[in-house]
Amino acid sequence: MKAIEVAHLSKHFANQQIAVDDLNLSINQGEVFGFLGPNGAGKTTTVKLLNGMLQPTDGGMTVFGHDPTKESSTIHQFSGVLTERAGMYDQMTGIDNLMFYGEVFGLSKQESRERGLSLLEQLELTYAADRKLTSYSTGMRQRLSLARALIHQPKILFLDEPTSGLDPESVLNVNRLIQDLAKNQGITVFLCTHQLRYAQEICTSYGLLDEGKLLATGTLESLRKQTFKGLKVQIAANQLNLLEPYETLSNGEFEFTLSSEKEIPELVRKIVQSGSDVYSVSAKEMTLEEIYFALLEEGGPAHG
Ligand SMILES: Nc1ncnc2c1ncn2[C@@H]1O[C@H](COP(=O)(O)OP(=O)(O)OP(=O)(O)O)[C@@H](O)[C@H]1O
Ligand SMILES: [Mg+2]
């Protein structure tokens, strides 16, 4: 069974704002799906639709076979959601908040406590377990929200910007946890994020949304193929006497655009034969960030 299926999903708001426009998605179980796109693209709206927090204007969707417009409480039993504003109780301690939610989901007091403490440890919040949330920093709250989303061992996690407001060390830690949940526990993750470098490390597939429309979807490899504009090869050499087109980079290296790695030996041979010394050759594949901008540029007419 697919973890998520979305067909022709649209959401129009009362102000005529089209937040999601004929969206189609199909996400396998165990996938870490990176849902990317600029501010206002429609990512959060999609998460809310998938959780039954909003009703679609058109189209349909299922989460592990359940329809969020009719069975949202069933979906909540097996899903964990981290959105911008997680409802937590400021006057309660970290562990009490987690235990409260554990019990809401039907765990016993004992189970809630054990699981809560173990999540606090994984998220490096043990020291703050017995402190009220009024004394938590933004990043501490954000990590506690993630612990809350995980308290009932969900099989699917919806994470909307889980690392916003976190310091670099906590970002690493949270990303490691997400990766571990997917790899070792088979949890499906639907991850909205602007942090493309981390997305590239932890996601197994992607969807790129802009103005409510899906511009591309697939693995990094397939997105690379869609946006391939040539392999950039950087060469450090003492001089160049070549007819082939190249660019001189700011670090003094020369950059060539080839159609594949197979052309590298021939190029190096030519450079050497022309009397130059070659010190290094490196070929760099397009990063997720480069792909993201290339796709957005190609995107709809609004981007010219
Ligand atoms: N309740 C609402 N009423 C009217 N318009 C809304 C509502 N919620 C969202 N929108 C609009 O829908 C569009 C998509 O918003 P959404 O929050 O889904 O974007 P996003 O991709 O999550 O952006 P960000 O990266 O900034 O979080 C935006 O133009 C937004 O203004
Ligand atoms: Mg959002």
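Analysis parameters
Residues numbered from 1 in each chain as written. Chains lettered and ligands numbered in written order. Predicted model: local features only at pLDDT ≥ 70, side-chain atom pairs only at ≥ 80, totals over all residues. Heavy atoms only, no water. UniProt positions renumbered as here; feature names shortened; annotations may be inferred. Pairing = 2+ DSSP bridges. Helix = DSSP H or I, 4+ residues; strand = E, 2+ residues; numbered from the N terminus. Axes fitted to C-alpha atoms, helices over the stretch in contact; angles between N-to-C directions. Buried < 20%, exposed > 50% of the residue type's maximum accessible area, 1.4 Å probe, protein only. Contact = heavy atoms within 4.5 Å. Near = heavy atom within 4 Å. Polar contact = N/O pair within 3.5 Å; in protein donor to acceptor, adjacent residues only side chain to side chain. Areas by Shrake-Rupley, 256 points an atom, 1.4 Å probe, with all protein chains shown as cover. Nonpolar A, V, L, I, M, F, W, Y, C, P; charged D, E, K, R; others polar. Parallel < 35°, antiparallel > 145°, perpendicular 65-115°, else oblique. Left-handed = near helix turned anticlockwise from the far one by under 90°.

Going by the annotation in an unreviewed UniProt entry, the name recorded for the chain is ABC-2 type transport system ATP-binding protein, with Candidatus Enterococcus ferrettii given as the source organism. UniProt's Sequence similarities (unreviewed entry) comment on the chain is quoted here verbatim: "Belongs to the ABC transporter superfamily."

Where do I start with the sheet that holds strand β5 (residues 79-82) in this structure?
Sheets are built from strands that pair by backbone hydrogen bonding, the pairs being arranged parallel or antiparallel. Spatially, six strands are ordered β5-β6-β7-β3-β8-β9 in an open sheet, and the strand pairing comes out mixed. Across the chains shown, the open sheet's two edge strands, defined by having one partner strand only, are β5 and β9 (213-218). Taking the axes of each pair of neighbouring strands and ignoring which way they run, one obtains an average angle of 15° across the sheet. One ladder, built from four bridges, connects strand β3 (residues 32-36) with strand β7 (residues 188-192); its direction is parallel. Counterpart to Phe 33 in the pairing with β7 is Phe 190.

Help me understand the side chain of Asn 173, please; the structure alone is not making it clear to me.
Tracing the backbone through its elements, the reader meets Asn 173 in helix α6 (residues 168-185). A relative accessible area of 9% means that Asn 173 is categorised as buried. Sequence-distant contacts of Asn 173, that is, excluding residues within four places in its chain, are made with Gln 122, Leu 123 and Glu 124.

Mind showing me how you'd approach the sheet that holds strand β11 (residues 247-248) here?
Across the sheet, which stays open at both edges, the four strands sit in the order β11-β12-β10-β13 with antiparallel pairing between neighbours. Each edge of the open sheet is held by one strand with a lone partner, namely β11 and β13 (278-284). Strands β10 (231-237), β12 (254-258) and β13 of the sheet are contacted by helix α9 (residues 264-273), whose axis makes an angle of about 155° with β13.

What is the right way to look at the site of ligand 1 in this model?
Gly 40, Lys 43, Thr 44, Thr 45 and His 194 are the nearest of the 13 residues found near ligand 1. Separating an oxygen atom of ligand 1 from a backbone N or O atom of Ala 41 is a distance of 3.1 Å. Burial of ligand 1 by the protein chains amounts to 66% of its free accessible area of 640 Å². Looking at the shell around ligand 1 element by element, the count peaks at three residues for helix α1 (residues 43-50). Its residues placed into classes, the shell around ligand 1 shows four nonpolar, eight polar and one charged.

Explain the side chain of Asn 97 to me, please; I cannot follow it from the model alone.
Looking at the secondary structure, you find Asn 97 in helix α3 (residues 94-104). What Asn 97 contacts, discounting residues up to four positions off in sequence, is Met 88, Tyr 89, Met 92, Leu 133 and Leu 144.

Please clarify how the packing of α3 against helix α4 (residues 109-122) should be interpreted in this entry.
Axes are the key here: two packed helices are described by the angle between their axes and the distance separating the axes. At a minimum axis distance of 8 Å, the contact between α3 and α4 shows a crossing angle of 130°. Judged on the interaxial angle alone, α4 and α3 are oblique. You can see that α3 and α4 cross each other, and the crossing is right-handed. Taken together, the residues of α4 that come into contact with α3 (itself represented by Ile 95, Leu 98, Met 99, Gly 102 and Glu 103) are Lys 109, Ser 112, Arg 113, Gly 116, Leu 117 and Leu 120. The residue makeup of the contact of α3 with α4, split by class, is five nonpolar, three polar and three charged.

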